[in-house]
Every structure is written in C-alpha cells, then in structure tokens.
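Examination of the molecular architecture
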Amino acid sequence: GDPSWQDYRTTTRAGELLETSWANVHLSDGTTIGIGQDITARKRAERQIRESEARYRRFFEDDLTGDYVSQVDGTIVECNQAFARIFGFRDVEQAKRTNTAALFKTPSAREAMLRELRRKGRLEYFETTLRRRDGKDVDVIANLVGSFDEAGELIEIKGYVFDITERNALEAQLAHS
C-alpha cells in the first residue's frame, strides 16, 4: 500500500525551523527505505493562508456595514452580524435562511436592481428602501458588485449595505421644522 507519511519539526544548526515529512517504503525484496522531503515552505504558506482567512473573517464579522454574498436567485451564501441586525434577524443563521428577494418591497424593484447590476457590473451608492423582517422600511445605501461567469452571466452578488433610516428621518424632521 501507500506509505504513511509523518511530519516532523526540527531546527537547523543555524536555528531556523525545518519541517519535513518522512515515510518508510517497503520494497518487494524485503528492503525498507526512508523517503523524506522538506515541507517548510508549504507549511509556512498554509499558516499564512489560515492567518489571512482569520483576519478576513474578523474584518467581515466586525464590519458595521451589512455585508453579504448571495446567488442571483437570492440565496444568501454568507452575511455578517451587521446585515442580520439591519434587517431585524435574530442572528446570521436566521438571515442566511432568508432569500434576499424578501428584503425588496416589490419583485419589480429587485428586477430593476438586477438589470442595472448586469448592465454596469457594479452599483455604487445605490440608494433604496428595503424591508426588514418585521415589514418595516429600512433606507439603505448599498454598494453591489456582480460576479460573472465566462459567458458573462451574473452568478453572484456581493453587497455592502449601510442603514441610513435614522439619517433620513432626521433630515425629514429638519426640513419639516
């Protein structure tokens, strides 16, 4: 069968970390040979990727902007806590069980946004009124970025949503007075 590899960490004479992987291979004549390879660079790259992913995850989760990734059909692939809060969800898991289509006041409003996104590829400072889970209006400014396949079809939407409901209410009060 295939050899079983074991990873080892040692230090070179110069004091640098050396990571190696070793396996014993049993030949048909009964001889056993050991095979080793230096995996220091690969292990370092794996650690850097894990650290980068952890940094990105913290950044995404700590963002005050409601961040989300959805498929074109509205299925939410990922979102952060701010997104859940803006739309009145208990938590991220509950938000992810909701289709973004439910956040639009009308199907035609969603279709108009998708048409623009397909045409431009991205929408910056897109101001609209969406609907919270409890049915209340929420005014937002959104930056939307489309991902397209090789055929140019929109396949995914990354959204960055900022709640401006309170600001709009204050502006209306000021204008009224």
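To be clear, the structure that these remarks concern was listed above.
Definitions and cut-offs
Just so you know, the residues in each chain are numbered from 1, in the order the chain's sequence is written. Confidence filtering applies because this is a predicted model: local features only for residues at pLDDT of at least 70, side-chain atom pairs given and counted only at 80 or more, and all residues used for totals across whole chains, interfaces and linings. Hydrogens and water are ignored here; the side-chain numbers use all heavy atoms of the structure. Any two strands are treated as partners once DSSP identifies two or more bridges connecting them. Starting at the N terminus, helices and strands are each numbered in turn, a helix being any DSSP run of H or I of at least four residues and a strand any DSSP run of E of at least two. Here an axis means a line fitted to C-alpha atoms, over the contact stretch when the element is a helix, while the angle between two N-to-C directions is reported on a 0 to 180 degree scale. Contact criterion: two residues are considered in contact whenever any of their non-hydrogen atoms come within 4.5 Å of each other. Within this scheme a cavity is a closed region of a 1 Å grid, computed over the protein atoms alone, that accommodates a 1.4 Å probe without allowing it to escape, whereas a pocket is open but has protein on both sides within 12 Å along at least five of seven lines; lining residues each have an atom within 4 Å of a point. Grid points are joined across faces, edges and corners, and a volume is the space filled by probe spheres set on the points. Any residue outside Ala, Val, Leu, Ile, Met, Phe, Trp, Tyr, Cys, Pro, Asp, Glu, Lys and Arg is labelled polar, Gly included; the first ten of those are nonpolar and the last four are charged.

Moving on, we come to the sheet that holds strand β7 (residues 137–148). Taken together, the 5 strands give an open sheet; going across it, the order is β5-β4-β8-β7-β6, and neighbouring strands pair in antiparallel fashion. At either end of the open sheet lies a strand with only one pairing partner, and these are β5 (76–79) and β6 (122–131). Between one strand axis and the next, the sheet turns through 25° on average, direction left out of account. Both β6 and β7 contribute to a ladder of 8 bridges, which runs antiparallel. When the sheet's bridge partners are listed, T129 is paired in β7 with D139. This element, helix α4 (residues 107–120), spans β6, β7 and β8 (154–163) of the sheet and lies at about 175° to β6. Sitting on the sheet, helix α5 (residues 165–176) is in contact with β6, β7 and β8, with an inclination near 135° to β7.

So, on to the pairing of strand β3 (residues 32–38). The two faces of a sheet get side chains in turn, since along a regular strand they alternate between them. With 7 bridges joining them, strand β2 (residues 17–26) and β3 adopt antiparallel strand pairing. If you follow N24 over to β3, its bridge partner there is G34. Counted along the chain from β2 to the antiparallel partner β3, the turn is 5 residues long, and its residue G30 has a positive phi close to 95°.

This paragraph deals with empty space enclosed by the protein. If you walk through the whole model with that rule in mind, you get 2 cavities of 30 Å³ or more. Looking at the largest cavity, its volume works out to about 130 Å³. Taken together, 14 residues form the lining of the largest cavity, with Y68, F104, L130, L144 and V161 sitting closest to its centre. Put simply, the parts of the chain that give the lining of the largest cavity at least two residues each are β6 and β7. The class makeup of the residues in the lining of the largest cavity is 12 nonpolar, 2 polar and no charged. Put simply, the second largest cavity is a space of about 40 Å³. In terms of lining, the second largest cavity is formed by Y68, S70, Q71, G74, T100, F104, R110, M113 and I157. Ranked by residues supplied to the lining of the second largest cavity, first place goes to strand β4 (residues 66–71) with 3 residues. When grouped by side-chain class, the residues that make up the lining of the second largest cavity number 4 nonpolar, 4 polar and 1 charged.

From the geometry alone we can't say anything about function, so treat these as descriptive.
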